[in-house]
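# Structural characterization, general
Listed here are the chains, written in short residue letters.
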Amino acid sequence: MLDTAFFGQEFKEKLLASIENLEEQVDGLLVHSENFQALNLLQERYKESIDCIHIDPPYNTATSGFLYKNNYEHSSWLSMMKNRIDMSINLLSQEASYLCHIDENEYERLYLIFDNPQTINAGTLIWDKRNPMNGGNGLATQHEYVIWRTKQRGSIYIKNTNVIRMISFVQKLIELESGINDNVRKKYIEWINNNKDLSGGEKAYRYIDDEGRIYQSVSLRAPEPRKDPKFHQPLIHPITNKPCAVPPNGFSRTPETLSEMVSRGEILFGEDETTQPRQKVFLTEESRRQMSTVIQDAKKGKADTDLLGVNFPYCHPVSFYETLIGAALKNLNGIVLDFFAGSGTTGHAVINLNREDGGNRKYILVEMGEYFDTVLKPRIQKVIYSKDWKDGKPVSREGISHMFKYIRLESYEDTMNNLELKRPPEHDSLFAQHKELREEYILSYMLDMETNGSASLLNLDYFQDPFNYKLKITRNQETREEIIDLVETFNYLLGLRVQHIEARETFNAVPDESAAKPGTVKLRIDKNGQGEFTFKIVTGLNPAGERVLIIWRNLTGDIARDNAALNAYFTRKGYNTRDNEFDRIYVNGDNNLANLAVDEGNQWKVLLIEEEFKRLMFDVQDV
């Protein structure tokens, strides 16, 4: 398990540059942030791309101990939930499900928030925890709810994990016995009867035919009396050659269909013709069972975290989440978002599902608590490293190949800590002469005018050295300056699907004596990385499917020299604004690259990063 945070910048850049289709290779994303802010950042990149939102929000009780204020009055709690639900619904794909846990305290109110035309009610799932909570008045509660919404109508099927287990068990028995015999059938029935994880419907598949196929016996009787004589035509017994008994209502299938079923071996005959024939329904890996409104799972989530050696007061069992997410995703791919991530149970469940069936599901976990570093991230790392743990130590090396990214967003406190109030001296003399203006200025204008240029409000002057943009960050009650990743931030603001990030390249510029144009330069790589000009390239696709090139560079303050270096770099990389390799090109700093009008003249091909960054950063019309 390698965490690039513990390595130098040069190593990280070279590692990322070595990975093609970077975003496709990333299996998970962890976001340390307040979730409203995180959802806002994810809007462009993941719009209509999330296949399952699965959240376990604070239940608005006084006992859960979450960092969120958990004893809001109803209106405040509902406002908090509605803002986040409304914003997150925009992220759902056309076949997505939205799952939200809640208890009896806020179920009815939360249900009303979800009752909107953007999603369809698929039902409410009841989780029977098999552990009555005694105390208080009335009945002892032993259940919680999961509100289940979808984007399209249709049945929801539980993942066929048990089906695969049943088929695998029979195959192993046949291998051990070197064939199919009565001992195989006996051991299989004993295993079925003693397996508490199987449902009644699954236990009905208790028979094995001579070809090793598992099946159950189903009546061929029509649900109501058939009047057409053809439904009363008897089947001929294969041994006695006599007509078999016909169901009182007649058969549910036509004679032609029954004949085809006989030829496929799908009809089960009795010892003689006196027994009504029945249908053999085979169990296959494609067999599906519709999700029930009641799930019983008495496991404790704390048992999962205790094995891993991470301490968290309360979380749901991984097995329960595996059932929910396995049913919510219609295939082995898909992205799951949990913006109340807590200890990371959703991510744990996704990793387990992929390990079990070789799927390629991805997860996004958002959490604001300090336990992001002490519980959530370590838990994900440990689950990747090994599937078996005890007392915080791995007991096997059965890990998986996996890559996840974690990012931290600027907090409200960080924003406030980086505000700098700068009042022009002439204002004080003005207020001294006109005291009536002071109050109006303080209430209406001071914050906007005097904080202008603060780092947390995007000081565009700092874009001259974008690789060294710093903010004062408070963590663990310690404040220090840290470099902010403008490159990554801009990728999210654009909604860019990153395909490749090149490592920084540093050059010195020397005059090009052979060039006809005065001021033209050549670039020479500085082996020590101490050159005058640094460039960094990002390529990818924006939400419109356009091919995007982003060029980040440091600026010296000499515009002519900076642009000569940019032109030389453009030539060195083989870029041309007039060809079709890229549809959009973003560059920081004023430049003289040849530009083209696109979108019927409403947009330019070459755009300034600073202008787009500020526009996207403060575009809050839909928030």
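Read on for a plain summary of the structure. (Residues numbered from 1 in each chain as written. Predicted model: local features only at pLDDT ≥ 70, side-chain atom pairs only at ≥ 80, totals over all residues. Heavy atoms only, no water.)

## Focus: the overall build of the protein chain
Selection rule: Runs of E in the DSSP output that reach at least two residues are strands. Runs of H or I that reach at least four are helices, and both are numbered from the N terminus. Each residue's exposure class comes from its accessible area (1.4 Å probe, protein chains only) as a fraction of the maximum for that residue type: buried when under 20%, exposed when over 50%, partly exposed otherwise. Here a residue-residue contact requires only that any non-hydrogen atoms of the pair lie within 4.5 Å. Surface exposure here means Shrake-Rupley accessible area, sampled with a 1.4 Å probe, where a residue is shielded only by the protein chains that are shown.
Along the backbone of the protein chain there are 20 helices and 28 strands. Looking at the protein chain as a whole, 44% of its 623 residues qualify as buried. For the protein chain, restricting intrachain contacts to residue pairs at least 6 apart in sequence, the fraction spanning at least 24 positions comes to 68%. Carbon and sulfur atoms make up 48% of the accessible area of the protein chain, which amounts to about 33,400 Å² in all.

## A word on the packing of aromatic side chains
This is how it is decided: Side-chain rings of Phe, Tyr and Trp (the six-membered ring for Trp) are treated as a pair once their centres are within 6.5 Å; stacked means planes under 30 degrees apart, edge-to-face means over 60, and tilted covers the remaining angles. Two thresholds decide whether a charge sits over a ring: the Lys NZ or Arg CZ must be within 6 Å of the ring centre and within 35 degrees of the ring normal.
Summed over all chains, the structure comprises 25 aromatic pairs. Between F169 and W191 the ring centres are 4.3 Å apart and the planes differ by 15°, which places this aromatic pair in the stacked class. Residue F169 is located in helix α6 (residues 161-177), and its partner W191 is located in helix α7 (residues 182-194); the two are separated by 22 residues in the primary sequence. Summarising the aromatic geometry, the rings of F463 and Y469 are spaced 6.2 Å apart at their centres and angled 80° between planes, so their arrangement reads as edge-to-face. Looking at F463, the relative accessible area reads 0%, which means it is buried. Y469 sits in the buried class, given a relative accessible area of 3%. Among the aromatic residues, those joined into a ring-pair cluster are F463, Y469, F490, W552, Y586 and F613. The aromatic ring of Y406 is capped on one face by K377, whose charged end is 4.7 Å from the ring centroid.

## A closer look at the sheet that holds strand β10 (residues 278-282)
Stated precisely, the cut-off is as follows: In this analysis, strands are considered paired if DSSP registers two or more bridges between them.
Reading across from one edge, β7-β8-β10-β9 is the order of the four strands in this open sheet, with antiparallel pairing throughout. One side of each edge strand has no neighbouring strand; the edge strands of this open sheet are β7 (207-208) and β9 (267-268). Sheet analysis places β9 next to β10, joined by two bridges and oriented antiparallel. If you follow L268 over to β10, its bridge partner there is R278.

## Focus: the pattern of salt bridges
Heads up, the rule is: When a carboxyl oxygen of Asp or Glu is within 4 Å of a side-chain nitrogen of Lys or Arg, the pair counts as a salt bridge.
Counted by the stated rule, this structure contains 32 salt bridges. Between E13 and K536 there is a salt bridge whose closest N-O contact spans 3.0 Å. Taken together, the positions of E13 in helix α1 (residues 9-17) and K536 in strand β23 (residues 533-541) put the pair 523 residues apart, joining distant regions of the chain. For E13, a relative accessible area of 7% corresponds to the buried category. Residue K536 is classed as buried on the basis of its relative accessible area of 7%. Close ionic contact of K159 with D357 constitutes a salt bridge, the shortest N to O distance being 3.3 Å. Of the two residues, K159 is situated in the loop between β6 (157-158) and α6 and D357 in helix α12 (residues 345-357); the sequence distance between them amounts to 198 residues. Assessed through its relative accessible area of 24%, D357 is described here as partly exposed.

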